Amino acid sequence: MKSEFSITVLPGDGIGHEVTPVCLELLDKVCKQVGGVSLNYSSFAAGAVHYKETGVSLPEEALQHAFDSDATLLACMGMPSIRYPDGREIAPQLELREKMDLFAGVRPVKTMPGLPLPLTSEKAQNLDFILIRESTEGLFASREKFKIEGEGADEAAYDTQKISRKGCERLFDFAFELGRQRRNEGYKGLVTCVDKANVLGSFYYMRQIFDEVAAKNPDVDNNHVYVDAAALQLVGRPWQFDVIVTENMFGDILSDLGAGLMGGMGMAPSADIGIEKAVFQPCHGTAPDIIGQGKANPTAMFLSAAMMLRWLGNKHDNSSAIEAARKIDTAVENAYATGTLLPYELGGTSGTEAISSLVFAELDKLA
Ligand SMILES: NC(=O)C1=CN([C@@H]2O[C@H](COP(=O)(O)OP(=O)(O)OC[C@H]3O[C@@H](n4cnc5c(N)ncnc54)[C@H](O)[C@@H]3O)[C@@H](O)[C@H]2O)C=CC1
Ligand SMILES: CC(C)CC(=O)C(=O)O
Ligand SMILES: [Mg+2]
C-alpha cells in the first residue's frame, strides 16, 4: 500500500498565495495526526503573473511534474488585466484540464451549518448534491480558434462548441457511477442531464448519448432539465437535485450558482478528475477585489484538499488518507457549527486567519 504521495502545488495568482500556505499547513497537521499518509509538495509558479513576467503561463516543468506526481493542488489563476493578444485572459488551468484529460469537473454543493445562507428553508440549509461539469470540451474547447469574420456592419465573432461522443460517454459513465454510489450511500441517486437540447443540435446530440448511457444503467434514476429551467430550480428547489451533469460552460456558470447557495465562492471546492490523474482546486478565482486584505476564505481550498486525500486514498487503497479527508471535512463543519464564523462574502469579518485558526483548533480536538 502506498503511503507517500508527491503533490504538485500551483498557488497561481491573487488570493491563491493566501489560501495555499494555510491549506498546506492543514494538510501537514492532518497527516501527522492520522499517520500512514505523507505528502511531499513541489511548488511551481504558473498563471497570469508568471505569463506577464516570463511569457509562459504554465511552464513545461510544472506540467510534467503534474503528470508525474500523484495529484495536483491548484489554488486559482488569472488576472483580468493580463490577456493574450486576442483578448482572452491567461487561464492555464484550462490547458491543464485539457492536456491531462481531466474530463469530470466534480463540484459538490454541500452547505455548512451556522451560516446565514441566502435560502432560508430547512431543506435549502441542508443541501448535499454534486454538479459534474465536463472540463475538456464544450464551448471552451475551441477558444483558440476564435475568429472574427466579415467587415463593418457585417462583422461577427464566432466561438464553436465541441461535444464529442467519447467526451459524452466517459462523462455520463462517470455520472451514473457516482449516482449509483450515492444511491448506495442513501442519497437519491438521481442523475440529471442539463442541456439546451431544445435549441442547439450539439446539445440534442449530447442528450441522445446521455439517454444511451442511461439505458445501460437502468438501476440509476435519471432525468433531463434545460439549463434555463435548471437555473430557476437551483434557486427555487435545489434539494431536488442529486447528481447534475452538464457541458463545460453551463457547469462553470451553474457551479457559481451552487457556490452562492453555500454562502459564496470561498465555500465551494472542486476536483477535476480523469482516468488516472486529478487536479484539486477551489471553484473560486483570484478575487482581485480582496487581494492582500486577509479576507480570503480558505474553506474551499481546505475542502478541495480533503477531496484530494479521499481520491488518493481510494485509488491507492490507503485508509489513512480517507480518514485524513474525513477529519478535514469534520473540522471544517465543526468550525462553522460554532456559529462564530461569518466570512466576508456573507457580510462578516472572518478572513483567512480567523477561519483557518478555528479549523486547526477543531482538528486538534479530533486527535
Ligand atoms: N479556477 C480559477 O482559477 C478561476 C479563475 N478565475 C479568474 O479569477 C479572476 C477574478 O475572477 P472573478 O470573476 O472576480 O471571480 P472570483 O471567484 O475571483 O471572485 C468573485 C467574487 O467572489 C469573491 N471571492 C472569491 N473567492 C473568495 C474567497 N476564497 N474568499 C472570499 N471571497 C472570495 C471575490 O472577492 C469576488 O467578489 C479572473 O481573472 C478570472 O478569470 C475565475 C474563476 C475561477
Ligand atoms: C478560467 C475559468 C474558466 C475558470 C473557472 O471559472 C472555473 O474553473 O470555474
Ligand atoms: Mg468558474
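Treat the numbers as computed from the prediction; the structure is a model and nothing was measured.

Novice: I keep staring at the overall build of the protein and nothing clicks. Help me out?
Specialist: Helix and strand counts for the protein stand at eleven helices and twelve strands. For a compact globule of 367 residues, the expected C-alpha radius of gyration is about 21 Å, and the protein comes in at 20 Å, within 12% of that figure. If one aligns the C-alpha atoms of the protein with their principal axes, the spans along those axes are about 60 × 50 × 45 Å. Per-residue burial over the protein gives 48% buried out of 367 residues. For the protein, contacts bridging at least 24 residues in sequence account for 74% of all contacts bridging at least 6.

Novice: Quick question: what am I supposed to make of the site of ligand 2 here?
Specialist: Every residue near ligand 2 is listed here: G78, A91, Q93, L94, D252 and C283. For the shell around ligand 2, the per-class residue count stands at three nonpolar, two polar and one charged.

Novice: Would you take a moment to explain unusual backbone geometry for this structure?
Specialist: One non-glycine residue, D101, adopts positive backbone phi at about 60°. With phi around 55°, D317 is a residue other than glycine that occupies positive phi space. Residue placement: D317 occurs in the loop between helix 9 (299-315) and helix 10 (319-337).

Novice: Is there a simple way to think about helix 9 in this case?
Specialist: A turn of α-helix holds 3.6 residues, and therefore any two residues three or four places apart point the same way. In a regular helix each residue adds 1.5 Å, so 17 residues correspond to 24 Å; helix 9 covers 24 Å between its end C-alpha atoms and thus fits that length. Counting buried positions along helix 9 gives 15 out of 17 residues, so the element sits mostly inside the fold. Looking one or two residues beyond helix 9, the residue adopting positive phi is D317, at roughly 55°.

Novice: When you look at the site of ligand 1 in this model, what are you seeing that I'm missing?
Specialist: Taken together, 25 residues form the shell around ligand 1, and within it G78, G266, H284, G285 and N297 come nearest. Among the residues making up the shell around ligand 1, the classes are represented as twelve nonpolar, nine polar and four charged.

Novice: Would you take a moment to explain the nonpolar core for this structure?
Specialist: With 106 residues, the main nonpolar core has I132, A175, F302, A305 and I328 as its most contacted residues. The element best represented in this core is helix 9, accounting for eleven residues. Viewed by domain, this core spans two of them, domain 1 (1-106 + 268-367) and domain 2 (118-131 + 141-262), each represented by three or more residues.

Novice: Is there a simple way to explain the domain arrangement of the protein in this structure?
Specialist: Often, the extent of an interface is quoted as the loss of accessible area upon association of its parts. Taken domain by domain, the protein comprises domain 1 (1-106 + 268-367) and domain 2 (118-131 + 141-262). Averaged C-alpha coordinates put domain 1 and domain 2 at centres separated by 24 Å. Looking at the side of domain 1 that touches domain 2 residue by residue, the class counts come to five nonpolar, one polar and two charged.

Novice: Any chance you could explain the packing of helix 1 (residues 16-34) against helix 10 here in plain terms?
Specialist: Two measures define how a pair of helices packs: the angle their axes make with one another and the distance between the axes. The contact between helix 1 and helix 10 brings their axes to 9 Å, and the two run at 125°. When the interaxial angle is binned, helix 1 and helix 10 end up oblique. Classified by chirality, the crossing of helix 10 by helix 1 is right-handed. Taken together, the residues of helix 10 that come into contact with helix 1 (itself represented by L26, V30, C31, Q33 and V34) are S320, E323, A324, K327 and I328.

Novice: In this structure, what is going on with the environment of R180? I would like to understand it.
Specialist: Note that R180 resides in helix 5 (residues 165-184). With 16 C-beta atoms packed within 10 Å, R180 lands in the partly exposed category. Taking the C-alpha atoms as reference points, R180 and Q233, 53 residues apart in sequence, are found 23 Å from one another. In contact with R180, other than residues within four places in its own chain, are G189, D219 and V220.

Conventions and cut-offs
Residues numbered from 1 in each chain as written. Chains lettered and ligands numbered in written order. Predicted model: local features only at pLDDT ≥ 70, side-chain atom pairs only at ≥ 80, totals over all residues. Helix = DSSP H or I, 4+ residues; strand = E, 2+ residues; numbered from the N terminus. Rg over C-alpha atoms; globule rule 2.2 N^0.38 Å. Buried ≥ 20, exposed ≤ 12 C-beta atoms within 10 Å, placed from the backbone. Contact = placed C-beta atoms within 7 Å. Near = placed C-beta within 6 Å. Nonpolar A, V, L, I, M, F, W, Y, C, P; charged D, E, K, R; others polar. Expected span 1.5 Å × (residues − 1). Core = buried A, V, L, I, M, F, W, Y, C linked by C-beta atoms within 7 Å. Domains from an automatic or database assignment. Axes fitted to C-alpha atoms, helices over the stretch in contact; angles between N-to-C directions. Parallel < 35°, antiparallel > 145°, perpendicular 65-115°, else oblique. Left-handed = near helix turned anticlockwise from the far one by under 90°.

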